[in-house]
Amino acid sequence: MRRYFGKMGRPIQVVLAEGNTHARRVIGCELQKDERIELCAVASSVKEVRRILTQQDFDVMLLDLHLQDVQCLDVIGHIKQSMPLVEVIATSTRDDEMEAVHAFDRGATGYLVKSSWFVSYGDAVVEVMHGGAPLTASVTRRLLPRLRDGAARRTIHHLGGQGLPGWRASDVPRAGGLATGGQRPYQC
């Protein structure tokens, strides 16, 4: 079995910040059973998170965005400012793509919906330590159209957008290597 390590060949050091007692116990047990991970601290409030930041070195924080009904998006920014190498995976009971976008804007590297059947917190921690960005599938699915629209806008802007004389809207997809309408991008 291949082992994954954090810094300097040791297990990945994780802090769990979770406001719900039951969720804290379930997630904490999952992390403790994973040999790739060392659960080094647990917090149930923003005050405890701030204390841990001053006293503990760690690699990843799983941060409940609603600790004791307090919106924790600003806490992400504080973590990233005080410990820029720490990865933050936001967790939430809300299956909300805009909340995920706001978490990413503040510096989170992942967003997990707690009620998802497909969430493995241990795998998410390892993924983020190896350059990934864990994201619950339902949120990803709703974000994809926005990402596609953004990519299309960047392509149009890159190709000169509206300002190139002689260009028609139908020329942009072909110039960007995209198929349009009934055209095939390659011959079968």
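Look up: the structure comes first, before these words.
Residues numbered from 1 in each chain as written. Predicted model: local features only at pLDDT ≥ 70, side-chain atom pairs only at ≥ 80, totals over all residues. Heavy atoms only, no water.

Draft legend 1. Focus on the side chain of Thr109. Position of Thr109 relative to the elements: it lies in the loop between α4 (97–106) and β7 (110–113). A relative accessible area of 19% means that Thr109 is categorised as buried. Within the local environment of Thr109, its side chain forms a polar contact with the side chain of Glu87, the two groups lying 2.6 Å apart. Sequence-distant contacts of Thr109, that is, excluding residues within four places in its chain, are made with Glu87, Val88, Phe104, Val128, Gly132, Ala133 and Pro134. (Helix = DSSP H or I, 4+ residues; strand = E, 2+ residues; numbered from the N terminus. Buried < 20%, exposed > 50% of the residue type's maximum accessible area, 1.4 Å probe, protein only. Polar contact = N/O pair within 3.5 Å; in protein donor to acceptor, adjacent residues only side chain to side chain. Contact = heavy atoms within 4.5 Å.)

Draft legend 2. A look at the environment of Arg36. Residue position: Arg36 is located in the loop between α1 (21–33) and β2 (37–43). Using a relative accessible area of 13% as the deciding quantity, one classes Arg36 as buried. Sequence separation between Arg36 and Gln13 is 23 residues; the distance between their C-alpha atoms is 9.1 Å. At 2.6 Å, the side chain of Arg36 and the side chain of Asp34 are in polar contact. There is a polar contact of 2.8 Å between the side chain of Arg36 and the side chain of Asp123.

Draft legend 3. Fine view of helix α5 (residues 121–129). Every buried residue belonging to α5 is among Tyr121, Gly122, Ala124, Val125, Val126 and Val128, and all of these are buried. Structurally, α5 contributes buried residues whose contacts are with β1 (12–17), α1, β2, β3 (60–64), β6 (87–92) and β7. At the exit of α5 stands Gly131, carrying a positive phi of roughly 95 degrees.

Draft legend 4. Spatial organisation of the pairing of β1. A large share of β1 lies buried, amounting to 6 of its 6 residues. Side chains Ile12, Val14 and Leu16 of β1 all project onto a buried face; the interleaved residues Gln13, Val15 and Ala17 project onto the opposite face, where all are buried too. Of the strand pairs in this sheet, β1 and β2 are connected by 6 bridges, and their pairing is parallel. The partner of Val14 across the bridge, within β2, is Leu39. The β-α-β motif built from β1, the intervening α1 and the parallel element β2 has right-handed crossover chirality. (Pairing = 2+ DSSP bridges. Right-handed = clockwise from strand over helix to strand, strands pointing away.)

Draft legend 5. Examining the sheet that holds β3 more closely. With parallel pairing, 5 strands are arranged side by side in an open sheet as β2-β1-β3-β6-β7. Two strands close off the open sheet at either side, each with one partner strand: β2 and β7. Strand-to-strand twist of the sheet, defined as the mean angle between neighbouring strand axes without regard to direction, takes the value 20 degrees. Of the strand pairs in this sheet, β6 and β7 are connected by 4 bridges, and their pairing is parallel. Bridge pairing in β7 links Thr91 to Leu112. Lying over the sheet, α1 contacts β1, β2 and β3, oriented at roughly 160 degrees with respect to β2. (Axes fitted to C-alpha atoms, helices over the stretch in contact; angles between N-to-C directions.)

Just geometry here; none of it tells us what the structure is for.
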